[in-house]
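# Fold and contact review
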Amino acid sequence: MDQDEKKYRVARAALSFVPANAIVGVGTGSTANFFIDALAERRTTLRGAVASSEASAARLRAHGITLFDLNEVGELPVYVDGADETTRARCLIKGGGGALTREKIVAAASRQFICVVDDSKLVVQLGRFALPVEVIPLARAQVARALIQFGGRPVLRAGFVTDNGNQILDVHDLVISSPGELETQINQLVGVVTNGLFANRPADVVLMSTAQGLERF
């Protein structure tokens, strides 16, 4: 079974967490795209969705799913999204697609965050995947110097601008032994919008697709 088959299977499994007549939060990335395609089959029993990126909004719109602004709807019953890494404690690194800030906002506004991954994303300790940090462009060099003090090696994501008009530093070589603490420390740096650690608000459920089937933790 290849990765796409695993992503397809776990994305469809997440449909069981979506209540009838709900507005659902939808993430960004390849596994989220499989979820959007599956969600389209439920659009007649769905009020609509809040998207975490312009790319996901376009895909939802193409399926005829009504889009809502988060400011119009308040709390969401569920948010479904993938991750670049997850531990069994459900702490995540997200932001490989560059939508980490909006993803973090929608996750915070949701009663339940369902993370859908394949087994290649499971790690014992976060940090193999470079940690994305969204920064105000004016502060990029200043933030990069501070991130070096955390033991990281920040690299500008060249040619990329977030949906919020900002830049991303991908921080390599971090030792993330206390993800919640590091998440808070990086977010306190002046010029940082947010970083891709989802530890202080981790996933409530991780659904993981393996060659043997689906695992939940």
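Residues numbered from 1 in each chain as written. Predicted model: local features only at pLDDT ≥ 70, side-chain atom pairs only at ≥ 80, totals over all residues. Heavy atoms only, no water.

## What to know about unusual backbone geometry
The residue N21 is not glycine, and still its phi comes out positive at about 60°. Turning to its location among the elements, N21 is positioned in the loop between α1 (3–13) and β1 (23–26). The class for N21 is exposed, based on a relative accessible area of 53%. Backbone geometry at D173 places phi at a positive 70°, although glycine is not the residue there. Along the polypeptide, D173 turns up in the loop between β9 (167–172) and α7 (179–187). (Helix = DSSP H or I, 4+ residues; strand = E, 2+ residues; numbered from the N terminus. Buried < 20%, exposed > 50% of the residue type's maximum accessible area, 1.4 Å probe, protein only.)

## Regarding the packing of α1 against helix α2 (residues 30–39)
Running from N to C, α1 and α2 cross one another at 50°; their axes reach a closest spacing of 8 Å. On the basis of their axis angle, the class for α1 and α2 is oblique. Crossing hand, α1 versus α2: right-handed. Residues D4, K7, Y8, V10, A11 and R12 of α1 lie in contact with α2, whose contacting residues are S30, T31, F34, F35 and A38. In the contact of α1 with α2, the residues fall into six nonpolar, two polar and three charged. (Axes fitted to C-alpha atoms, helices over the stretch in contact; angles between N-to-C directions. Parallel < 35°, antiparallel > 145°, perpendicular 65-115°, else oblique. Left-handed = near helix turned anticlockwise from the far one by under 90°. Contact = heavy atoms within 4.5 Å. Nonpolar A, V, L, I, M, F, W, Y, C, P; charged D, E, K, R; others polar.)

## Details of the packing of aromatic side chains
Enumeration over the complete set of coordinates arrives at three aromatic pairs. Here Y8 and F34 contribute two aromatic rings whose centre-to-centre distance is 6.3 Å and whose plane-to-plane angle is 80°, an arrangement assigned as edge-to-face. Linking Y8 in helix α1 with F34 in helix α2, this pair joins segments that are 26 residues apart in sequence. Here the aromatic rings of Y79 and F113 are separated by 5.1 Å at their centres, their planes lie at 40°, and the arrangement is tilted. With Y79 in strand β3 (residues 79–81) and F113 in strand β6 (residues 113–118), this residue pair connects regions lying 34 residues apart in the sequence. Accessibility expressed as a relative area gives 0% for Y79, which makes it buried. Aromatic rings pair up to connect Y79, F113 and F198 into one cluster. The cationic tip of R88 hangs over the ring face of F217; the distance from NZ or CZ to the ring centre is 4.9 Å. Over the ring of F160 we find R157, and its NZ or CZ is 5.3 Å from the ring centre. (Phe/Tyr/Trp six-rings, centres within 6.5 Å; stacked < 30°, edge-to-face > 60°. Lys NZ or Arg CZ within 6 Å of the ring centre and 35° of its normal.)

## A word on the sheet that holds strand β12 (residues 205–210)
The six strands are arranged β2-β1-β3-β6-β12-β13 in an open sheet whose pairing can be described as mixed. The open sheet is flanked by β2 (48–51) and β13 (213–216), the only strands paired with a single partner. Each strand axis lies, on average, 25° off the axis of its neighbour in the sheet, ignoring direction. Inspection of the sheet shows β1 paired to β3 by two bridges, in the parallel sense. Bridged to G25 within β3 is Y79. The strands that helix α5 (residues 100–108) touches are β1, β2, β3 and β6; relative to β3, the one it contacts most, it runs at about 145°. (Pairing = 2+ DSSP bridges.)

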